[in-house]
Amino acid sequence: MIVPMKKVTLLVLKKEQRHALKDLRKLGLVHIEDRPANGTLINELRSEKNDITLAMSLLTEYLPKKEKKGVTPPSLLSEEDTLTFVDSVLSLTSSYKSNMEEAARLSGEIASYEEWGEIDRADFTFLAENGIYIFPATAPLKTYNALAESLKTIRIGQGKTGVRFLIWSETNALPDDLPQDVIPLKLPETSVKALKEKLKSLQAKIASYKQEMTKMSAYLNSLNALDEIVSKKLQFEIVHDGMQTIDFGSEEDGVQLVWLTGYIPSEDEAQLSSLAKEKSWAYLSQDPQEDDPVPTKIKRNKLVNLISPLIDFLGTVPGYTEPDISLWFLLFFGIFFAMIFGDAGYGAVLLLISIGLILKTKAKKQKVPTAFYMFGYLGLMTVIWGALVCNWFGMPTEIVPAFLKKLAVPAIANFTPEDVRNQNQILLCFTLGLVQLMIAHIVSLFRNIKSPKFLADVGSLSMLGGMYFVVLNLVVDSQKYAINNAVLFAIGVGFALNFIFVNYSTGIVPAIVESLKNIINMLLGVVNVFADIMSYIRLWAVGLAGGAISATVNEMAGPALGGVIIFAGVLLLLFGHGLNYIMNVLSVIVHGVRLNTLEFSNHVGLTWSGFKYEPFNE
């Protein structure tokens, strides 16, 4: 459930502002409303945090893949030393980037002298000092042959860039009438040999960078600790700077107060009230208004909390006034996960891995992550569904043990004729969709029960029932599920009720006018109901594809398992089923999550527009 919140306003003396904020942070219950804050200290702390974050991301890339046994990590550096260490990491990385750029430039310059050999600028300078002016150049063969006879040249050779030659000039300047495609060679600053030595030195520095960063990565724990410290300082200063000031009295003997606004769970309000009395703070509490930015705090029981790792991973948070669908999300996501994987063997693997991780964590006397229990739940659901359809690692049903076949439901099992089995599974998918979408509108109906607006949900339920039979008529069996007058009546009445009451706020007439303004969207809403029910066929289609892949892998590996190349057969089985497992995980993310966060959420009126309750704490 979404925990009820109270909007609170605190007023304290400005001279006690910092002490009051420290007490409030120690309480750790008030979510402070955001206020603009851009003080000098805040900008410095933001810059520090950015540097720390960058240093952490750079060092993380160079963490050793395997921790050496018996090697203890270095003790935490002091805050000042850690800041110096951050500067060292960033300085080293900056030098590395500069060295890489310079090495690339030198490599290109050296390559341009490849056909010329070991050129040394000093040689040309020596000749010039003695009145001999030589200029190396290149030109296409045709251009070189057409040069004026008065131009003194010495041909060196011919390569990819054309003819290489020297121009012997009377002065320390090239002739003005040279053809445009004669390209003088830019001499190196010193010599090609010196360039190569410089490049070698840079490459050595570049190579040592990785070693240095690997050594430095041992101090990531210090960076993590500093990041936490700076984050808390920054949070404190933002709250401090964002507090508004009120002046009372004259400038000489006046009193300055500062105030802030925040939100606290109603169940914790008594603790804040007690602290306010103890510290002599002025304190105001009221129910949030409709347009207030109220954070969302969700309280779930241990069972429903199994879904929290997935919701946290998605980063989706319902708005404060929106419904909490965690229970339905958990139930239907488990079903969708099982149907998409569709294999009891795959589910058993996930279940056993989860049990192993749970037992291993408990053996270390550590807290078991909720994700391990969630994976166990998903594995169990997959085992149940796989057993019902008699799918065990894609094995042909002829070789599946008899006791496992008895667990299956013949109407949807793999040993049932394909056309009958597929029709029943598709029917099950559409029925599952109908049930989930009807639950969505029932939830919405009870939320609107005190207003005539609940009749819009009654209309949606009616439309869902009618459209369900339209879908079955078009996809499953047109004769068995005929579109009769009852179906048309359900759709028509449902549309009328939804049209009249979906925008209800103050009266029926304004609601109808509002619906008429959006008549196109209202008509498309009927199509959307049809499309949403149809969308659940993806469960059958994706599950069927996964089953076909696992069966194909078995067929390919089968001949090898019975011969001398059994090892190759085992590898093929592991690779094929492993790849299929990964593809199923991706399918769950794309399809299983979508049906909950899009189709179901749209029908329940959930926009996921909220943000998490994050109290100001230590």
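The coordinates are above.
In this text, all values refer to a predicted model and were calculated from it rather than measured experimentally. (Residues numbered from 1 in each chain as written. Predicted model: local features only at pLDDT ≥ 70, side-chain atom pairs only at ≥ 80, totals over all residues. Heavy atoms only, no water.)

1. Some remarks on the overall build of the protein
Working step 1: Summing up its helical and strand segments, the protein has 20 helices and nine strands in all.
Working step 2: In the protein, which comprises 618 residues, the share counted as buried stands at 42%.
Working step 3: Here the contacts in the protein between residues at least 6 apart in sequence split such that 77% fall between residues at least 24 apart.
Working step 4: Surface exposure of the protein reaches about 34,600 Å², of which carbon and sulfur atoms provide 60%.
Working step 5: For the protein, the distance from the average position of its 55 positive side-chain charges to the average position of its 61 negative side-chain charges is 8 Å. (Helix = DSSP H or I, 4+ residues; strand = E, 2+ residues; numbered from the N terminus. Buried < 20%, exposed > 50% of the residue type's maximum accessible area, 1.4 Å probe, protein only. Contact = heavy atoms within 4.5 Å. Areas by Shrake-Rupley, 256 points an atom, 1.4 Å probe, with all protein chains shown as cover. Lys, Arg positive; Asp, Glu negative; His and termini not counted. Charge placed at Lys NZ, Arg CZ, Asp CG, Glu CD.)

2. Section: a nonpolar patch on the surface
Working step 1: There is a patch of nonpolar side chains on the surface, built from Leu516, Ile519, Ile520, Leu523, Leu524 and Val527 and spanning about 550 Å² of accessible area.
Working step 2: For the nonpolar patch, the element with the most residues is helix H18 (residues 519-534), which contributes five residues. (Patch = residues over 30% accessible without salt bridge, like charges linked within 9 Å, V, L, I, M, F, W, Y side chains within 5 Å. Salt bridge = Lys/Arg side-chain N within 4 Å of Asp/Glu carboxyl O.)

3. Quick word on the sheet that holds strand E5 (residues 162-169)
Working step 1: Strand order across the open sheet formed by four strands is E4-E5-E3-E6, with antiparallel pairing between neighbours. Both outer strands of the open sheet, strand E4 (152-159) and strand E6 (183-184), are each paired with one neighbouring strand and no more. (Pairing = 2+ DSSP bridges.)

4. Some points on the packing of helix H16 (residues 485-501) against H18
Working step 1: For the pair H16 and H18, interaxial distance at closest approach is 11 Å and the crossing angle is 145°. Crossing angle aside, the handedness with which H16 passes H18 is right-handed. Residues Ile491, Phe495, Asn498 and Phe499 of H16 touch H18, and the partners they reach there are Ile519, Met522, Leu523 and Val526.
Working step 2: Its residues assigned to classes, the contact of H16 with H18 shows seven nonpolar, one polar and no charged. (Axes fitted to C-alpha atoms, helices over the stretch in contact; angles between N-to-C directions. Left-handed = near helix turned anticlockwise from the far one by under 90°. Nonpolar A, V, L, I, M, F, W, Y, C, P; charged D, E, K, R; others polar.)

5. So, the nonpolar core
Where a protein is soluble and globular, its nonpolar side chains tend to be buried together.
Working step 1: Counting residues in each nonpolar core, the largest one holds 58 residues, and the members touching the most others are Phe329, Phe333, Phe430, Ile533 and Leu539.
Working step 2: Element by element, the count of residues in this core is highest for helix H10 (residues 326-341), at ten residues.
Working step 3: Leaving out residues up to four positions away in the same chain, Phe333 has contacts with Ile307, Leu310, Trp328, Leu378, Val588, Gly592, Val593 and Asn596. (Core = buried A, V, L, I, M, F, W, Y, C linked by side-chain atoms within 4.5 Å.)

6. Some words on the packing of aromatic side chains
Each pair of aromatic rings is reported with the distance of its centres and the angle of its planes.
Working step 1: Enumeration according to the criterion identifies 16 aromatic pairs in this entry.
Working step 2: Relative to Phe337, the ring of Phe333 has its centre 6.2 Å away and its plane inclined at 55°; by these criteria the two rings are tilted. Taken as a pair, Phe333 and Phe337 lie in helix H10 at a separation of four residues, close to a single helical turn. Grouping residues by exposure puts Phe333 and Phe337 together as buried.
Working step 3: Look at Tyr346 and Phe393: their rings are 6.0 Å apart centre to centre, the planes differ by 65°, and that puts the pair in the edge-to-face class. Residue Tyr346 is found in helix H11 (residues 344-363), and its partner Phe393 is found in the loop between helix H12 (370-389) and helix H13 (402-405); the two are separated by 47 residues along the sequence.
Working step 4: Exposure remark for Tyr346: the relative accessible area of 2% places this residue in the buried category. (Phe/Tyr/Trp six-rings, centres within 6.5 Å; stacked < 30°, edge-to-face > 60°.)

7. With respect to H16
Working step 1: With 17 residues, H16 extends 24 Å from end C-alpha to end C-alpha; this agrees with the ideal 24 Å at 1.5 Å per step.
Working step 2: Listed in full, the buried residues belonging to H16 are Val487, Ala490, Ile491, Gly494, Asn498, Phe499 and Phe501.
Working step 3: Buried positions along H16 lie against helix H15 (454-475), helix H17 (508-517) and H18.
Working step 4: The distance from a side-chain oxygen at the start of H16 to the backbone nitrogen of Ala486 is 3.2 Å, and the residue carrying that oxygen is Asn484. (Expected span 1.5 Å × (residues − 1). Polar contact = N/O pair within 3.5 Å; in protein donor to acceptor, adjacent residues only side chain to side chain.)

8. Things to note about helix H20 (residues 566-604)
Working step 1: Compared with an ideal rise of 1.5 Å per residue, which puts 39 residues at 57 Å, H20 spans 54 Å between its outermost C-alpha atoms and is within 8% of the ideal.
Working step 2: At Arg594, H20 shows its largest kink, close to 40°.
Working step 3: Phi turns positive, to about 85°, at Gly605, one or two residues after H20. (Bend = angle between axes of the 7 residues up to and from the residue.)

9. Things to note about the state of the cysteines
As used here, a disulfide is simply a covalent bond connecting the sulfur atoms of two cysteines.
Working step 1: Considering all chains together, one arrives at zero disulfides under this definition.
Working step 2: Here Cys390 is not cross-linked by a disulfide; its sulfur's nearest cysteine counterpart is in Cys429, at 18 Å.
Working step 3: On the basis of relative accessible area, Cys429 is assigned to the buried category, the value being 1%. (Disulfide = S-S within 2.5 Å.)

10. Focus: the side chain of Thr416
Working step 1: Summarising the element assignment, Thr416 is placed in the loop between H13 and helix H14 (418-447).
Working step 2: Discounting residues that sit within four places of it in the chain, Thr416 has contacts with Pro410, Ala411 and Arg421.

11. Brief notes about the side chain of Ser460
Working step 1: Turning to its location among the elements, Ser460 is positioned in helix H15.
Working step 2: Here Ser460 is in contact with His441, Gly494 and Asn498, once residues within four sequence places are set aside.

12. What about the packing of H10 against H12?
Working step 1: At a minimum axis separation of 8 Å, H10 and H12 run at an interaxial angle of 55°. Comparing their axes, H12 and H10 come out oblique. The handedness of the crossing between H10 and H12 comes out as right-handed. Taken together, the residues of H12 that come into contact with H10 (itself represented by Leu330, Leu331, Phe333, Gly334, Ile335, Phe337, Ala338, Met339 and Phe341) are Tyr377, Leu378, Met381, Thr382 and Trp385.
Working step 2: Here the residues of the contact of H10 with H12 sort into twelve nonpolar, two polar and no charged. (Parallel < 35°, antiparallel > 145°, perpendicular 65-115°, else oblique.)

13. With respect to unusual backbone geometry
One can expect most non-glycine residues to show negative phi and most peptide bonds to be in trans.
Working step 1: Unusually for a residue other than glycine, Ser280 sits at a positive phi of about 60°.
Working step 2: Among the structural elements, Ser280 can be located in the loop between helix H8 (269-279) and strand E9 (282-286).
Working step 3: Overall, the relative accessible area of 65% leaves Ser280 in the exposed class.

14. With respect to the pairing of E5
Working step 1: In terms of burial, E5 is a largely internal element, seven of the eight residues being buried.
Working step 2: Bridge analysis of E4 against E5 gives seven bridges, and the strand direction is antiparallel. Paired with Gln158 across the strands is Val163, a residue of E5.
Working step 3: Linking two consecutive strands that pair antiparallel, namely E4 and E5, is a turn of two residues.

15. What to know about the environment of Leu432
Working step 1: On the secondary structure map, Leu432 appears in helix H14.
Working step 2: Among the residues examined, Leu432 registers a relative accessible area of 15% and is labelled buried.
Working step 3: Taking C-alpha positions, Leu432 is 7.8 Å from Tyr536, a pair spaced 104 residues apart along the chain.
Working step 4: Setting aside chain neighbours within four positions, we find Leu432 in contact with Phe332, Ile335, Phe336, Met339 and Leu539.

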